[in-house]
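# Descriptive analysis of the structure
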Amino acid sequence: MFSTLPVPIIQAPMAGGVSTPELAAAVSNAGGLGFLAGGYKTAEAMRTEIHKLRTLTDRPFGVNVFVPGDKTVDEKALEHYRAVLDAEAERLGAAVGEPKWDDDDWQAKLDVLLQEQVPVASFTFGCPDKAVIAALQKAGAFVIVTVTSVEEAHIASEAGADALCVQGVEAGGHRASFRNDPEQDEAIALFPLLADVRAAVRLPLVAAGGIMDGRGIAAALKAGASAVQLGTAFLRCPESGAHPLHKQALADPRFTETAVTRAFTGRPARGLANRFMAEYSDLAPAAYPQVHHMTKPLRAAAAKAGDPKGMSLWAGEGYRMARELPAAELVEELKRELEEVQGR
């Protein structure tokens, strides 16, 4: 799969409206692999985006789906967090959302992946069972599972995945860990993790986490990756669906660092450190997607009020290097930088 890509760059599937069909098409048309994000939308909305993408490119593309997690949560901690958020809701003139569990339309999305015969299917927050992976492969899909540890790499390899996306702690957005366990929150930096996973399994690897330029791409390829996945690097592209305040914050000197928090969704995720994180990170329980549903109206209200300090501004550690360029130009620039480093 990766050997057929003119450029070994994969645009990360960023849920929440960021990974638009236009962005994915621009990356695929430029020689990389564009991705749609299936998370946080219905299966039919995902199908509509696939259809739209196919009107914009005849190149391969990918679709990412969230694997459902455990329904079991600490109900007392969840109720306490809901009470704490009431003050935030009152300040914004909004209401805390219902802390419900759902499977993000899991089975219906699998059906869409099969029916639409997507070229590449990837998974986050877990690994589908062998039967699901085999069915997708039979339908022509190349299956990638995102992993954050050697243990997860073994699970995905044994389930029959075609490749692994190895996500380091530097990555923006959600950590893709299979388990949402505060006692296992310690994460590994990309290059040590890449080395460990490479030694543990014999599958093609995609490196993800903090890569923003040709030098980073070259280093990941030299470390054994077959391709690299970039998300934050594409956030400021005009084709990106990131909120304008999010795009502005990436270049705003008032935002000086990133941090990992459960405050917005109940799962650890890296974003620009802001007021919401500072006030609520220590109080948020490990409860996903319940916390996501609770804070969704608050995040929307903050965005409407023009307040980035109350929004989830997902970003990786290299966010300052994000460039405001059309996606195709960015891919071309990254390719030029890579070739320069490689001495071509």
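The structure under discussion appears in the preceding block.
We now turn to the structure provided with this report. Every value quoted in this text rests on a predicted model; they were computed, and no experiment measured them. Each residue is numbered by its place in its chain's sequence as written, counting from 1. Since the coordinates come from a predicted model, pLDDT governs what is reported: local features require at least 70, and pairs of side-chain atoms require 80 or more to be given and counted, while whole-chain, interface and lining totals use all residues. Hydrogens and water are ignored here; the side-chain numbers use all heavy atoms of the structure.

## Focus: empty space enclosed by the protein
- Within this scheme a cavity is a closed region of a 1 Å grid, computed over the protein atoms alone, that accommodates a 1.4 Å probe without allowing it to escape, whereas a pocket is open but has protein on both sides within 12 Å along at least five of seven lines; lining residues each have an atom within 4 Å of a point. Grid points are joined across faces, edges and corners, and a volume is the space filled by probe spheres set on the points. Summed over the entire model, instances satisfying the criterion amount to two cavities of 30 Å³ or more.
- When its volume is computed, the largest cavity comes out at roughly 90 Å³.
- Forming the walls of the largest cavity are 14 residues, and the residues nearest its centre are Q167, G168, V169, A171 and R175.
- Looking at the lining of the largest cavity, its residues break down into seven nonpolar, five polar and two charged.
- Taken as a whole, the second largest cavity spans an internal volume of roughly 40 Å³.
- Around the second largest cavity, the lining residues are R175, S177, R179, N180, D181, Q184, D185, R262 and P268.
- Residues are grouped as follows: Ala, Val, Leu, Ile, Met, Phe, Trp, Tyr, Cys and Pro are nonpolar; Asp, Glu, Lys and Arg are charged; every other residue, Gly included, is polar. Residue classes in the lining of the second largest cavity are distributed as one nonpolar, three polar and five charged.

## Concerning the nonpolar core
- Within this scheme, the nonpolar core is defined by two criteria: the residues are buried Ala, Val, Leu, Ile, Met, Phe, Trp, Tyr or Cys, and they are joined through side-chain atoms within 4.5 Å. Relative accessible area decides the class of each residue, using a 1.4 Å probe on protein chains only: under 20% of the type maximum gives buried, over 50% gives exposed, and in between gives partly exposed. In terms of nonpolar packing, the biggest core is built from 98 residues, with Y81, L113, F123, L164 and F234 touching the most fellow members.
- The contact rule is simple, with two residues in contact once any of their heavy atoms fall within 4.5 Å. In this structure, L113 is in contact with M46, V63, V65, V118, A121, F123 and L136, ignoring residues within four places of it in sequence.

## Some words on the sheet that holds strand β3 (residues 61–66)
- A pair of strands is treated as paired once DSSP finds two or more bridges between them. Helical segments are the DSSP runs of H or I of at least four residues, strand segments are the runs of E of at least two, and each set is numbered from the N terminus. Spatially, β1-β9-β8-β6-β5-β4-β3-β2 is the arrangement adopted by the eight strands of the open sheet, whose pairing is parallel. Two strands lie at the open edges of the sheet, namely β1 (9–11) and β2 (34–37), each paired on one side alone. The average angle at which neighbouring strand axes cross in this sheet is 25 degrees, direction not considered.
- Taken strand by strand, helix α6 (residues 150–159) contacts β5 (142–147) and β6 (163–167), and its axis lies near 160 degrees from that of β5. Here, axes are lines fitted to C-alpha atoms. For helices the fit covers the stretch in contact, and angles between N-to-C directions go from 0 to 180 degrees.

## Observations regarding the packing of aromatic side chains
- Note on aromatic contacts: the rings of Phe and Tyr and the six-membered ring of Trp form a pair at centre separations within 6.5 Å, being stacked when their planes are under 30 degrees apart, edge-to-face when over 60 apart, and tilted otherwise. Summed over all chains, the structure comprises nine aromatic pairs.
- Aromatic pair F66 and F125: ring centres 4.8 Å apart, planes at 40 degrees, arrangement tilted. In this pair, F66 is assigned in strand β3 and F125 in the loop between β4 (120–124) and α5 (130–138), connecting sequence segments 59 residues apart.
- Overall, F66 belongs to the buried group, its relative accessible area being 9%.
- Note on F125: relative accessible area 2%, which makes it buried.
- Ring geometry for F264 versus W314: centroids 5.6 Å apart, planes at 90 degrees, classification edge-to-face. Note that F264 is positioned in the loop between β10 (258–261) and β11 (269–272) and W314 in the loop between α11 (290–304) and α12 (327–342), a separation of 50 residues in sequence.
- Residue F264 is classed as buried on the basis of its relative accessible area of 0%.
- Among the aromatic side chains, those forming a connected cluster through ring pairs are Y81, F264, F276, Y280 and W314.
- Look at NZ for Lys and CZ for Arg. If either is within 6 Å of the ring centre and within 35 degrees of the ring normal, a charge sits over the ring. Between the NZ or CZ atom of R267 and the centre of the ring of F125, over which it lies, the distance is 4.0 Å.

## Quick notes on the side chain of H292
- Along the chain, H292 falls in helix α11.
- Apart from the residues lying within four places of it in its own chain, the contact partners of H292 are Y40, F264, T265 and R299.

## Considerations on the environment of S19
- Along the polypeptide, S19 turns up in the loop between β1 and α1 (21–29).
- Not counting chain neighbours up to four residues away, the residues in contact with S19 comprise Q11, A12, P13, M14, F35, L36, A37 and E49.
- Within polar-contact distance, the side chain of S19 engages the side chain of Q11 at 3.2 Å.
- In terms of polar contacts, S19 uses its side chain to reach the backbone amide nitrogen of M14, at 2.7 Å. For the purposes of these results, a polar contact is taken to be a pair of N or O atoms within 3.5 Å, where, inside protein, one atom must be able to donate a hydrogen and its partner to accept one; residues adjacent in sequence count only when each atom of the pair is a side-chain atom.

## Let's talk about the packing of α6 against helix α7 (residues 190–200)
- Running from N to C, α6 and α7 point in directions that differ by 40 degrees, and their axes come no closer than 9 Å. Regarding the angle of α6 to α7, the classification is oblique. Once α6 is placed against α7, the crossing between them reads as right-handed. Residues V150, A153 and H154 of α6 form the contact with α7, whose own contacting residues are L193, D196, V197 and A200.
- Residues that form the contact of α6 with α7 fall into these classes: five nonpolar, one polar and one charged. An angle below 35 degrees is read as roughly parallel, one above 145 as roughly antiparallel, one from 65 to 115 as roughly perpendicular, and any other as oblique. The crossing is said to be left-handed when, going from far helix to near helix, the turn is anticlockwise and less than a right angle, and right-handed when the turn is clockwise.

## A look at the sheet that holds β10
- Here we have three strands laid out as an open sheet, ordered β7-β11-β10, and antiparallel in their pairing. Edge positions in the sheet fall to β7 (173–174) and β10, since each of these pairs with one other strand and no more.
- As paired elements, β7 and β11 share two bridges and run antiparallel to each other. Residue pairing across strands places H174 opposite A269, the latter belonging to β11.

## Considerations on the environment of L23
- Topologically, L23 is positioned in helix α1.
- By relative accessible area, which is 0% here, L23 ends up buried.
- Ignoring any residue separated from it by four or fewer positions in sequence, one finds L23 in contact with Q11, M14, V18, F234, C237, E239, S240 and A327.

Taken by themselves, the reported measurements are silent on function.
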